[in-house]
Amino acid sequence: MRKAPWIASAAAAVLVAAGAITYAVAADDGGTGTVPVPSADSADAGFARDMAVHHQQAVEMSYIVRDRTTDEEVRRLAYDIAQTQANQRGMLLGWLDLWALPKVSSDGPMTWMGMGDMADGEDGALMPGMATDTELKKLGTLNGKQAEVFYLQLMTDHHKGGIHMAEGCVAKCTVGVEKRLAQGMVDAQESEIRLMADMLKERGAKAR
């Protein structure tokens, strides 16, 4: 029950983002409606699919740690990450809907980057930076400082993987609004990595 306010606010953010999707994509071509639709195997579609999955795990980890600590600094960071990434995930999935493209692909994750063999999906880690199922279960058993440190370590790894993928979109995507979103992810997550390094240091720990 304690998750209800977060879930409601995150859902509202996604709805707001979805309502802005059509405008944002149209604005990419001055509102003429002639923006080319990416193909199913394009970098634009691949990034949207993969980053939606990547973001979902970040949201999940943030919900978990919120209930494992009373530290306001960590809870605030987790809230910000969950809200931001749920919002962005809604935009990415909304673009796939607008483009009438599938949300899943028979190709491996990151194939659009030429890196389809980077992660084997063992123990649920589908892409570089993603936590394993075992690590998620462990996070759910920790409390207090231990939960805070493990979350910060997992999220630092997660952000590093996400930044690498977002940089791939900046280089390869063709839809301007998506490239700008990807660059925004890079900038924000690099800043959060620096913040998390300081938070780990305060707790006598460091990134893995």
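Below: a short report on this structure. (Residues numbered from 1 in each chain as written. Predicted model: local features only at pLDDT ≥ 70, side-chain atom pairs only at ≥ 80, totals over all residues. Heavy atoms only, no water.)

**Things to note about the packing of helix 3 (residues 72–98) against helix 5 (residues 144–172)**
Taken N-terminus to C-terminus, the directions of helix 3 and helix 5 make an angle of 35 degrees; their axes are 11 Å apart at the nearest point. Remark: the crossing between helix 3 and helix 5 carries left-handed chirality. Within the contact between the two elements, helix 3 uses Val-74, Leu-77, Ala-78, Ile-81 and Gln-85 and helix 5 uses Glu-148, Tyr-151, Leu-152, Met-155 and His-159. Here the contact of helix 3 with helix 5 is built from residues that sort into seven nonpolar, two polar and one charged. (Axes fitted to C-alpha atoms, helices over the stretch in contact; angles between N-to-C directions. Helix = DSSP H or I, 4+ residues; strand = E, 2+ residues; numbered from the N terminus. Left-handed = near helix turned anticlockwise from the far one by under 90°. Contact = heavy atoms within 4.5 Å. Nonpolar A, V, L, I, M, F, W, Y, C, P; charged D, E, K, R; others polar.)

**Looking at the layout of surface pockets**
Of the volumes computed, that of the largest pocket is approximately 310 Å³. Considering the residues around the largest pocket, the lining is formed by 18 residues, among which Arg-49, Asp-50, Ser-105, Asp-107 and Pro-109 are closest to the centre. (1 Å grid on protein atoms, 1.4 Å probe; cavity = no way out; pocket = protein on both sides within 12 Å on 5 of 7 lines; lining within 4 Å. Points joined across faces, edges and corners; volume = space filled by probe spheres on them.)

**Focus on the state of the cysteines**
Per the stated rule, a full pass over the model turns up one disulfide. In this model Cys-169 forms its disulfide with Cys-173; the gap between the sulfur atoms is 2.3 Å. What sets the handedness of the Cys-169 and Cys-173 disulfide is the S-S torsion sign, and at about -120 degrees it is left-handed. Judged by relative accessible area, which is 4%, Cys-173 ranks as buried. (Disulfide = S-S within 2.5 Å. Buried < 20%, exposed > 50% of the residue type's maximum accessible area, 1.4 Å probe, protein only.)

**A few points about unusual backbone geometry**
The backbone phi angle of Ala-100 is positive, close to 55 degrees, even though this residue is not glycine. You can see Ala-100 is positioned in the loop between helix 3 and helix 4 (133–139). Positive phi is not limited to glycine here, since Met-110 has a value of about 70 degrees.

**Here we look at the packing of aromatic side chains**
Considering all chains together, one arrives at two aromatic pairs under this definition. Taking 5.9 Å as the distance between ring centres and 80 degrees as the angle between the ring planes, the aromatic pair formed by Phe-47 and Trp-112 counts as edge-to-face. Highlighted residues: Phe-47 in helix 2 (residues 43–66) and Trp-112 in the loop between helix 3 and helix 4, separated in sequence by 65 residues. As far as the burial class goes, Phe-47 and Trp-112 line up, both buried. Seen from their ring centres, Trp-95 and Trp-99 are 6.4 Å apart, and the 20 degrees between their planes marks the pair as stacked. Assessed through its relative accessible area of 6%, Trp-99 is described here as buried. Over the ring of Phe-150 we find Lys-138, and its NZ or CZ is 4.5 Å from the ring centre. (Phe/Tyr/Trp six-rings, centres within 6.5 Å; stacked < 30°, edge-to-face > 60°. Lys NZ or Arg CZ within 6 Å of the ring centre and 35° of its normal.)

**Brief notes about the pattern of salt bridges**
Across all of its chains, the model carries nine salt bridges by this definition. Of the charged contacts, one joins Glu-72 and Arg-75 as a salt bridge, the two residues approaching to 3.9 Å between their closest N and O atoms. Here the residue Glu-72 and the residue Arg-75 both occupy positions in helix 3, the gap between them amounting to three residues, near one helical turn. Glu-135 is the salt-bridge partner of Arg-208, the closest N and O atoms lying 3.0 Å from each other. Of the two residues, Arg-208 is situated in the segment after helix 6 (176–202) and Glu-135 in helix 4; the sequence distance between them amounts to 73 residues. Through salt bridges that share partners, Asp-71, Glu-73, Glu-148, Glu-202 and Arg-203 make up one connected network. (Salt bridge = Lys/Arg side-chain N within 4 Å of Asp/Glu carboxyl O.)

**Here's the deal with the side chain of Arg-203**
With respect to the helices and strands, Arg-203 occurs in the segment after helix 6. Here Arg-203 falls in the buried class, since its relative accessible area comes to 10%. Aside from chain neighbours lying at most four places away, what touches Arg-203 is Asp-71, Glu-73, Val-74, Lys-145, Glu-148, Val-149 and Leu-152.

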